[in-house]
Amino acid sequence: MSSNVRVRFAPSPTGPLHMGGVRTALYNYLFAKKEGGKFILRIEDTDQKRFVEGAEEYIKDALSWCGITPDEGPGIGGDYGPYKQSERKEMYRPYAEQLVENGKAYYAFDTSEELDAMREQAKKMKMPNWQYNAVSRTSMKNSLTLPEDEVKSRIENGDPYVIRFKMPRNEDVRFEDVIRGWVVVNTNNLDDKILFKSDGMPTYHMANIVDDHTMAITHVIRGEEWLPSAPLHVLLYEAFEWEAPKFAHCPLLLRPDGNGKLSKRDGDRLGFPVFPTDWITQDGEKYSGYREQGYLPGAFINMLAFLGWNPGTPQEIFSLEEMVKAFSLERVSKAGAKFDADKTKWFQQQYLRAKTNEELAEMVLSKYDDLSVDKDYLAAACGLMKERATFIEDIRTEGSYFFEEPKEFDAKTVRKKWKDDTEEIINEWTNRLRSIDDFSAENIEKAFKEYLEEIGKGIGAVLPAFRVLITGKGMGPSMFEIASLLGKEKTLARMEKNIPLVKAQKTEA
Ligand code: GLU
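*Asks:* Would you mind showing me how to read the overall build of the chain here?
*Replies:* Helices and strands together make up the secondary structure of the chain, namely 20 helices and 13 strands. For the chain, the C-alpha radius of gyration of 32 Å lies well beyond 23 Å, the compact-globule estimate for 509 residues. Oriented by its inertia axes, the alpha-carbon framework of the chain measures out at about 110 × 55 × 40 Å. With 509 residues in all, the chain has 49% of them scored as buried. Summarising the internal contacts of the chain: among those between residues at least 6 apart in sequence, 72% fall at separations of at least 24. Carbon together with sulfur atoms contributes 48% to the accessible area of the chain, which is approximately 24,900 Å² in total. Treating the 71 positive side-chain charges of the chain as one cloud and the 83 negative ones as another, the clouds have centres 4 Å apart.

Quick look at the structure:
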């Protein structure tokens, strides 16, 4: 199925991509794929002052980690390139001038000192929010107030000027947002926005509209923070007599307590990342990312998708392909979405569990390349650990006894479960283990049950001590499975070596 649907994700490379930005990219991607359309990446880098080295690479790398692959974009190509605004620079001025000619925009020569003076004066007159608008423009220096020949000569002389949009007075701008329904804004609240700056670069509004039009964008899906700009954008489409794309403004991501927008500083402060991948500033300050914290990309985007969208069914785990099928903008809510760190961990656990033991083993080996273990052995250990692990790291640390002998013994278990008769019970259990020929989990379990029966004791009299001797831990997967996997030789060696150590620890305590 192919359609004319074309959407774009248009980040400005002013820093790393916040997870809210990744969610916007994801919704764009899901919508495009669902509709059989195209997902475009456009880099909006017209604001040279806010340009941050490395941000564009960060954005591309983060999207690629998430599996959100653009169909067109910088470095990918496509019929509507270039896809970086700085490389489209020459295109914008003629469009701005077209608006001046049509009487929809005008040249303004006011210097920043003059504008500051105006603001000061207005403040004194108890009008703190002075704006360049339909009223004030009549007393400013612009092509609407200055004689035509002066305008001409100023431009020819190279006087600095900007091009401003001539915001109509007291008009209701209406548009239907796919997520929010009808939005109505009166133009009296809007100012004569600068479209073209004196440095020869378009502003965000100008470049954004020209690009969306020339790239044949059909739907603008972006964050709620752009909603206040939408009326101006609608008016610009009208001024150009272009058909406007459909707008969909996604809800904000809120802090876990619901108090305000999730900001880039919240993450490390509240103990979870707000960025997809690590970002190190030029001053060496680090903001942590999901990738480096050990999250699987599938878990990360599954969690993100649910921040503001739900499928309307109880299903929560969705692969990217399944999400494409289930997604619709109509099911995106307009209320802000609260980030939930526990739920994020839950998604990660589900994704980790869904991996095969062999896949997990590969992941352990690629994270810990100094680990020398047999692959089948490792896969079996992963199989035992996966129900209890959230991250690959947990398999290595919580399951350390699969890789090395325990050096410490869980204090609480030793204190509470190593009783006066434990040594004797455990010594005999060691003898029983020695006599098992086929050291399978079933056989160990069978011997264990027979032994308990014989001595008339409960599980708690033997199992915790057995566990702490073999693993050093107070909890973990089935001890019969662990012992069988370690093998008879290692199991017996650990029993013999660790009984005196645990006993000594008990006496000291
Ligand atoms: N460059 C804007 C941003 O950084 C794009 C807003 C839009 O999608 O129109 O988010």
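*Asks:* Sorry if this is basic, but what is going on with the pairing of strand S5 (residues 172–177) here?
*Replies:* The side chains of a regular strand alternate, first on one face of the sheet and then on the other. Residues Val173, Phe175 and Asp177 line the buried face of S5, whereas the alternating positions Asp172, Arg174 and Glu176 sit on a face that is not buried. Bridge analysis of S5 against strand S6 (residues 181–186) gives six bridges, and the strand direction is antiparallel. For Asp172, the partnering residue across the bridge sits in S6 and is Asn186. Hairpin remark: S5 followed by S6, antiparallel, with three residues in the connecting loop.

*Asks:* Where do I start with a negative patch on the surface in this structure?
*Replies:* On the surface, Glu358, Glu359, Asp374 and Asp376 cluster together into a negatively charged patch. When its relative accessible area of 52% is taken as the criterion, Glu358 is described as exposed.

*Asks:* Would you mind going over the sheet that holds strand S4 (residues 162–165) with me for this structure?
*Replies:* In sheet architecture, strand pairing relies on hydrogen bonds along the backbone and comes in two forms, parallel and antiparallel. Strand order in the open sheet made by the three strands is S3-S4-S7, with antiparallel pairing throughout. Single-partner strands in this sheet number two, and they are strand S3 (105–108) and strand S7 (194–196). The average undirected angle you get between the axes of adjacent strands in this sheet is 40 degrees.

*Asks:* Even after reading the chapter, I still don't get the pattern of salt bridges, so can you show me in this structure?
*Replies:* Opposite charge on two side chains makes pairing possible when the charged atoms of those side chains draw close. Taken as a whole, this structure holds 33 salt bridges when the rule is applied. Notably, a salt bridge pairs Glu120 with Lys123, separated by 3.7 Å at the nearest N-O pair. Remark: Lys123 and Glu120 occur in helix H4 (residues 112–124); sequence separation between them is three residues, near one turn of the helix. For Lys193, the salt bridge goes to Asp191, with nearest N and O atoms at 2.7 Å.

*Asks:* Where do I start with the site of the ligand in this structure?
*Replies:* Taken together, Arg8, Ala10, Pro11, Ser12, Glu44, Tyr204, Asn208, Arg222 and Trp226 are the residues near the ligand. Within the side chain of Arg8, an N or O atom sits 2.7 Å from an oxygen atom of the ligand. One nitrogen or oxygen atom from the side chain of Tyr204 is found 3.0 Å from an oxygen atom belonging to the ligand. Its atoms largely coinciding with the cavity grid, the ligand occupies the largest pocket.

*Asks:* Help me understand the nonpolar core, please; the structure alone is not making it clear to me.
*Replies:* The nonpolar side chains of a soluble globular protein tend to be buried with one another. Of all hydrophobic cores here, the largest spans 109 residues; its most connected members are Phe300, Trp429 and Phe466. Ranked by the residues each element gives to this core, the list is headed by helix H1 (residues 19–34), at nine residues. In this view, Phe300 contacts Met19, Val22, Trp65, Cys66, Pro276 and Tyr290; residues no more than four positions away in its chain are not counted. Core analysis: the second largest hydrophobic core is formed by 39 residues, Tyr92, Ala105, Leu195 and Val220 among them.

*Asks:* How should the layout of surface pockets be read in this particular structure?
*Replies:* A probe as big as a water molecule, rolled over the atoms, marks out the empty space that is left. By volume, the largest pocket is sized at about 1,200 Å³. Together, 48 residues line the largest pocket, and Ser12, Thr14, Arg50, Glu225 and Trp226 are the ones closest to its centre. For the lining of the largest pocket, the secondary-structure elements that each account for two or more residues are strand S1 (6–9), H1, helix H6 (204–214) and strand S8 (219–223). Looking at the lining of the largest pocket element by element, the count peaks at four residues for H1.

*Asks:* What is the right way to read H1 from this model?
*Replies:* For H1, built from 16 residues, the straight-helix expectation of 22 Å at 1.5 Å per residue is met to within 8% by its first-to-last C-alpha distance of 22 Å. Among the 16 residues in H1, 14 count as buried, and that is most of the element. At the C-terminal side of H1, Gly36 shows a positive phi close to 70 degrees.

Here is what the cut-offs are and how they apply
Residues numbered from 1 in each chain as written. Predicted model: local features only at pLDDT ≥ 70, side-chain atom pairs only at ≥ 80, totals over all residues. Heavy atoms only, no water. Helix = DSSP H or I, 4+ residues; strand = E, 2+ residues; numbered from the N terminus. Rg over C-alpha atoms; globule rule 2.2 N^0.38 Å. Buried < 20%, exposed > 50% of the residue type's maximum accessible area, 1.4 Å probe, protein only. Contact = heavy atoms within 4.5 Å. Areas by Shrake-Rupley, 256 points an atom, 1.4 Å probe, with all protein chains shown as cover. Lys, Arg positive; Asp, Glu negative; His and termini not counted. Charge placed at Lys NZ, Arg CZ, Asp CG, Glu CD. Pairing = 2+ DSSP bridges. Patch = residues over 30% accessible without salt bridge, like charges linked within 9 Å, V, L, I, M, F, W, Y side chains within 5 Å. Salt bridge = Lys/Arg side-chain N within 4 Å of Asp/Glu carboxyl O. Axes fitted to C-alpha atoms, helices over the stretch in contact; angles between N-to-C directions. Near = heavy atom within 4 Å. Polar contact = N/O pair within 3.5 Å; in protein donor to acceptor, adjacent residues only side chain to side chain. 1 Å grid on protein atoms, 1.4 Å probe; cavity = no way out; pocket = protein on both sides within 12 Å on 5 of 7 lines; lining within 4 Å. Sits in = over half its atoms within 2 Å of the grid points. Core = buried A, V, L, I, M, F, W, Y, C linked by side-chain atoms within 4.5 Å. Points joined across faces, edges and corners; volume = space filled by probe spheres on them. Expected span 1.5 Å × (residues − 1).

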